[in-house]
Every structure is written in C-alpha cells, then in structure tokens.
Amino acid sequence: MKVIFRTALSSLLLLLIACGSTHQVVIPEESPPAEPEEKESGISLLFAGDIMAHSVNYNFGHFDAIWSDISPVISKADLAFANVEAPVSDNLPWSTYPQFNMHGSYIDAAIDAGFDVFSLANNHSNDQSLAGMKGTLKYFKGKKHVWACGLKEKANAPLTFQLIEKNGWRILFVAFTEILNSQDSAAYVDYIPPKGKQHAALLQDLRKLREEHPCDVFVVSIHANEPEYIRKVHDYQKEFYHALLQEAHADIVWSNHAHIVKEWELVPATETKRGGLIMYANGNTISGQRTNPQFKAPETERDYTGDGLLMNVRLSRQTGGDGKTILTITDLEPHFITTYITPAWQFVVRLLDDDLSRSLRRAGLSVWAGYLEERKQIMEKLKEKSTWQ
C-alpha cells in the first residue's frame, strides 16, 4: 500500500495511515495503489476550538444567533468536536472570568448548531469546584446523541473515554488537560501533569485503551500546558504529540488552550512510522476576549483571540487484499471564523471570508470590513505554513 501526497489546492489530498497497530504503509512510487477488495466508506469529523462564555457573550441572550452563520458548516459534518471552557450548571449563577460558569441554554444552542462531541477537560473545568463538575456531568448525561468526556464520576477514577458509533464507524475519543487553575477537586478531572513519568505512563495507557476498544479512528484531545496567545509551537509539544501518534496509536491529535489559531501538521506514514493529523490549537470558537478590536493594528496580540478554526477532516477506510483496514485522510477543509460584534453589541461567529467583508461594506461598516479583510489575510498565512512536515 502506498502514500500519495498532492497539494490540497490543486487536487485531492490523500494520506494513508495505519489504523491497526501492526499495519505499515509504504511511501509512494509512481504507480497507483492497488485496488482494495471492498468499496471505501467515508466519514467527516469537524474540529473547533474553545467555546467560552464571558459576560458579553451570555448577557445578550439569543444564543442561536451566535451560530447561525456557521451552522451549515458544522452540521454537515458527521461529528463535530469542541472544547467547553467552563462548567455547565444551571444550579449555579452565570459567572465570567476568572471563574466561569455557563448554563445549559448556552451549550444547547451550540448543539442545535451541529456540535455533538465535547471535551470537558481544561484549566477551567473545576472553576466551580465539585458542584460545578457534577452539574456539568448531569447536563451532558441528559443529552441524546451527544458525547463528552474529561470529567470523572468518582475521584481518581481511570481516564474517561467515549466509543462513538456513527454511520458504521467506531470513533474512540479521549480528552485530558495538562493544566488546572487550582487543585480543588482535581481528582475528578482527567488531569495529566505535563512531561515526566505521568506522560510516559499515559502513552501506554492510551495504547492499551485502543487495544481494548478496537476502533476505526482514535481521537485524542489535549488542553495543553502552554503560554496563552503565543503562536509558536514548542518543540516539547511536537515531540509529545508525535509520540501520541507513534506510541499511543492515535490518529488525530487535537490540542487547545492558547486561545489563538496555530498551525496544523499532516504526518505522512512510512514503513516504520504511523501517520496522522496534529492540530496544535484551533483558537476560540466563541469568546469575549476581543472586546476592543485594534482596527488600525489588526496584528495586535489580543486580536488573534477573536478568530478560530473549524477543521473538517474527511476520512475513508479500505480493506486490502490482506484483510487489513487502511484509514485514509482524503481531505482537509479549514474554515477560518471570526467573532464579530454587531451594532447591538452581540458577539456572533461569522465565516471569515469575502462574503462577510462585502456584506459589511454594503451595510456601511467599512471599518469592520477593512479590519476583517486584514485578519483574513493573517489567518490565510497559516495555510501556507501548515504544509506536510
């Protein structure tokens, strides 16, 4: 079996990666790959960033309006993943930074927009102590066809996970955080301190988890212990995320915490190395962090917090003549999004594209239009940087 690379702009992007722990994939030759015995079947997984709720987000209400523009992109995916950066408890008051709490109506709107898989493990998971985490678990348990992990029912319980059945596919999902703002009730969070012996043990635990729960795709979500708002991807992160592919046998590594969009990396498989996709940070999907856009200086550090990435990953699987399954990433479709503040001061998410700037200019909002045109150019540079490495 062979690996074929082409640029995403000129033709179909094809990356073959081993789904089983023993399967190996060979670097391409000039001849096309052999035909599989079975017809391929496909699935699309969409990965967003952080769903946050600052006071400017929840005070306005009308939460469905937040998502109306990007809902078609989210809902067309078979599964859409996001990180919920707060407890979700209706029994506690709304609360903004530094100790968040949101109500179920806020996440209801995100679910209605198409999100259905959530990471609950992050530095704000225990902002409201054990009561907030129990409220969060209660909320998600009451949702049908919605999956979430990252919080434990019992203190010091094993790492939580979800084995999701969708369209004949099995997706194994794990979410953990390397950082907590406090140690209050930390035993109820899937918390793995960075580096050291616990990281090494985690790699073995994750590999064992996959062996015990056979799947087509293994997705690992990390809330990273890294500086916020810094675009650099650190060497220790690359080393660990690659180890998740090679040693833990993850297929997709999805990281967040920086509140800005970082590059992504498509790792080719070889005879001795597993391939996969690494997303180093997908930024904020919705937040109130960019309340004062620097219209004359759009590259200001804080302005990056107003943009996010929706990465639609299309996969297929094939069974070769040897009976082994090959997982294929057939397409990566990045959609840049931005938080736009309406004249009524509502924070809503919009696709960061030419249609947005044209509509703003037609409405006489040329300052916003010019600003977002420049932000679009800044984000587009990530496409150039995020090539095969």
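Since this is a predicted model, take the numbers as computed values, not measurements.

Trainee: Kindly report on the confidence of the model for the protein chain, identifying the contributing residues and their values.
Mentor: Residues of the protein chain with pLDDT of at least 70 account for 88%, and the chain-wide mean is 89. Contacts for the low-pLDDT stretch residues 34-39, under 50 throughout, to residues beyond four places or in other chains number eight contacts.

Trainee: Which residues make up the pattern of salt bridges, and what values go with them?
Mentor: For the structure on display, the rule yields 19 salt bridges. A single salt-bridge network, built from bridges that share partners, covers Asp354, Lys376, Glu380 and Lys383.

Trainee: Describe in detail the side chain of serine 119, supporting the description with residues and values.
Mentor: Mapping serine 119 onto the fold places it in strand 4 (residues 117-119). Residue serine 119 is classed as buried on the basis of its relative accessible area, which comes to 1%. Looking at serine 119, its side chain comes within polar contact range of the side chain of asparagine 83, at 3.3 Å. Polar side-chain contacts of serine 119 include one of 3.5 Å to the backbone nitrogen of alanine 121.

Trainee: So what about the pairing of strand 15 (residues 347-351)? Which residues, and what values?
Mentor: Put simply, side chains in a regular strand alternate between the two faces of the sheet. Extensive coverage of strand 15 is indicated by the burial of five of its five residues. Where strand 14 (residues 325-341) lies against strand 15, five bridges are found, and the strand directions are antiparallel. Bridge assignment links threonine 339 to a residue of strand 15, and that residue is valine 349. Connecting the antiparallel pair strand 14 and strand 15 is a turn made up of five residues, with tryptophan 345 showing a positive phi of about 70°.

Calculation criteria
- Numbers given for residues are sequential positions, taken from 1 along each chain in its written order.
- Restriction of local features to residues with pLDDT of at least 70 applies here, the model being predicted, together with a cutoff of 80 or more for giving and counting side-chain atom pairs; totals for whole chains, interfaces and linings are based on all residues.
- Only heavy atoms go into the side-chain values, all of them from the structure, while hydrogens and water stay out.
- On a range of 0 to 100, pLDDT expresses the predictor's confidence in each residue.
- Residue contacts are counted whenever heavy atoms from the two residues lie within 4.5 Å of one another.
- Put simply, a salt bridge is a Lys or Arg side-chain nitrogen that is within 4 Å of an Asp or Glu carboxyl oxygen.
- Strands are runs of DSSP state E lasting at least 2 residues, helices are runs of H or I lasting at least 4, and numbering of each runs from the N terminus.
- Only protein chains enter the accessibility calculation, which uses a 1.4 Å probe; a residue is then buried when its area is under 20% of its type maximum, exposed when over 50%, and partly exposed in between.
- Here a polar contact means two N or O atoms within 3.5 Å. Within protein one must be a hydrogen donor candidate and the other an acceptor candidate, and residues neighboring in sequence count only if both atoms are side-chain atoms.
- Following DSSP output, two strands are said to pair if at least two bridges run between them.

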